Amino acid sequence: MARVVVDVMLKSEILDPQGEAVLGALPRLGVNDVASVRIGKRVEIEFDQNAQNVEEQSRVIADQLLANPVIESFTVSIEAA
Amino acid sequence: MTARIGIVTFPGSLDDRDAARAVHLAGAEPVALWHDDAQIHGVDGVWLPGGFSYGDALRCGAIARFSQVMDTVKAAAGQGMPVIGVCNGFQMLCESHLLPGALVRNAHLRYRNRPARLRVETDRTAWTRLYEPGNEVVFPAKHGEGRYVADEAVLDRLEGEGRVVFRYLDNPNGSMRDIAGVTNEAGNVVGLMPHPEHAVEALTGPSTDGLGIVASVLAHLSEGVRR
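Residues numbered from 1 in each chain as written. Chains lettered and ligands numbered in written order. Predicted model: local features only at pLDDT ≥ 70, side-chain atom pairs only at ≥ 80, totals over all residues.

By the naming in an unreviewed UniProt entry, chain B is Phosphoribosylformylglycinamidine synthase subunit PurQ, taken from Glycomyces harbinensis. Regarding chain B, the relevant UniProt record gives this comment under Subunit (unreviewed entry): "Part of the FGAM synthase complex composed of 1 PurL, 1 PurQ and 2 PurS subunits." Regarding chain B, the UniProt comment filed under Pathway (unreviewed entry) reads as follows: "Purine metabolism; IMP biosynthesis via de novo pathway; 5-amino-1-(5-phospho-D-ribosyl)imidazole from N(2)-formyl-N(1)-(5-phospho-D-ribosyl)glycinamide: step 1/2." (UniProt positions renumbered as here; feature names shortened; annotations may be inferred.)

An unreviewed UniProt entry annotates chain A as Phosphoribosylformylglycinamidine synthase subunit PurS of Glycomyces harbinensis. Here chain A is described in UniProt, under the heading Subunit (unreviewed entry), as follows: "Part of the FGAM synthase complex composed of 1 PurL, 1 PurQ and 2 PurS subunits."

Below you can see the structure in the form of structure tokens.
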């Protein structure tokens, strides 16, 4: 069974207020040497046993639905074939 | 004959009934459309209402884009049919690539729920032609993901082509260049975050400025494209 992981991140030029909020909380944990935190999404996809063109289909899913290319970039990795 | 404005209900839509009431008050006939029905039943214009379609799964408006009705709405918009998206509807129009840019989490991370003062920047759209550029209007805003973003080149092009339709006077969410609403190249598709349909009666709204949206599209439908 092919397992695919898609990581979706806000592009670097887009402000990530969630990441900023986490960054702001770190000193209260006693962590003071972090420069930046960015939060994204990890999507795990399991294809059917006999699925064909898994990588190509995964790219379509990531590009057309999982990520909005206006604000986000993505990486696709095939974990097991 | 009265113009018929179709209002699409998606699972999670909230403002479809208010939009229908606004359309009615402004003198048009509201027609209920359904997300899972590819037919738009001969309407003259389409209103995509606010709410939380499909529970805002993945991104606001991302799943609605793949609904049956949106294929038809996209095709009709391409032929010049007036389409307006308010709040979640604006998010759908951006996700569907009918409008440029995207709407992301408010910069301060808080849900913003208060009347928004806006400046109308152009009367050259199907939905704003009865306003004067420079008019100030007050529409309620209520959103958590209303921060308009696009890359600088796109923003410059929107400004250059006069396609910024509404601008916030007190930016409530960190939108780039205070943008509250934009239009497509043809001016028939408009999206905005604040809610004109909640500003149609003195009893329940902060103004009645929203009536001009429907009045504008009625003028557009009866008089045809301006200039």
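Continuing now.
Draft legend 1. Fine view of the interface of chain A and chain B. Contacts between the two partners involve 9 residues from chain A, matched on the other side by 12 residues from chain B. When residues in the side of chain A that touches chain B are grouped by element, the largest group, 3 residues, is from helix α1 (residues 17–25) of chain A. (Contact = placed C-beta atoms within 7 Å. Helix = DSSP H or I, 4+ residues; strand = E, 2+ residues; numbered from the N terminus.)

Draft legend 2. A look at the UniProt feature "active site" (unreviewed entry) in chain B. All names here are of chain B. The UniProt record annotates "active site" (unreviewed entry) at C87, H195 and E197. For the annotated residues, spread through 111 residues, the largest C-alpha to C-alpha distance comes to 11.0 Å, consistent with a single compact locus. For H195, the location among the structural elements is in the loop between β11 (189–192) and α5 (211–223). Non-local contacts of H195, meaning those with residues more than four positions away in its chain, are made with D15, G50, V86, C87, F139, P140 and K142. Classification of E197 as buried rests on a count of 30 C-beta atoms within 10 Å. Those residues in contact with E197 that lie beyond four places of it in its chain are D15, D18, A19, A22, V86 and G210. (Buried ≥ 20, exposed ≤ 12 C-beta atoms within 10 Å, placed from the backbone.)

Draft legend 3. Layout of the environment of B:R119. Residue and element names in this part refer to chain B. As for its placement among the helices and strands, R119 is situated in strand β6 (residues 112–120). Take R119: there are 18 C-beta atoms within 10 Å of it, and that puts it in the partly exposed class. Here the alpha-carbon distance between R119 and A180, two residues 61 residues apart in the chain, equals 9.2 Å. Not counting chain neighbours up to four residues away, the residues in contact with R119 comprise G134, E136, R167 and L169.

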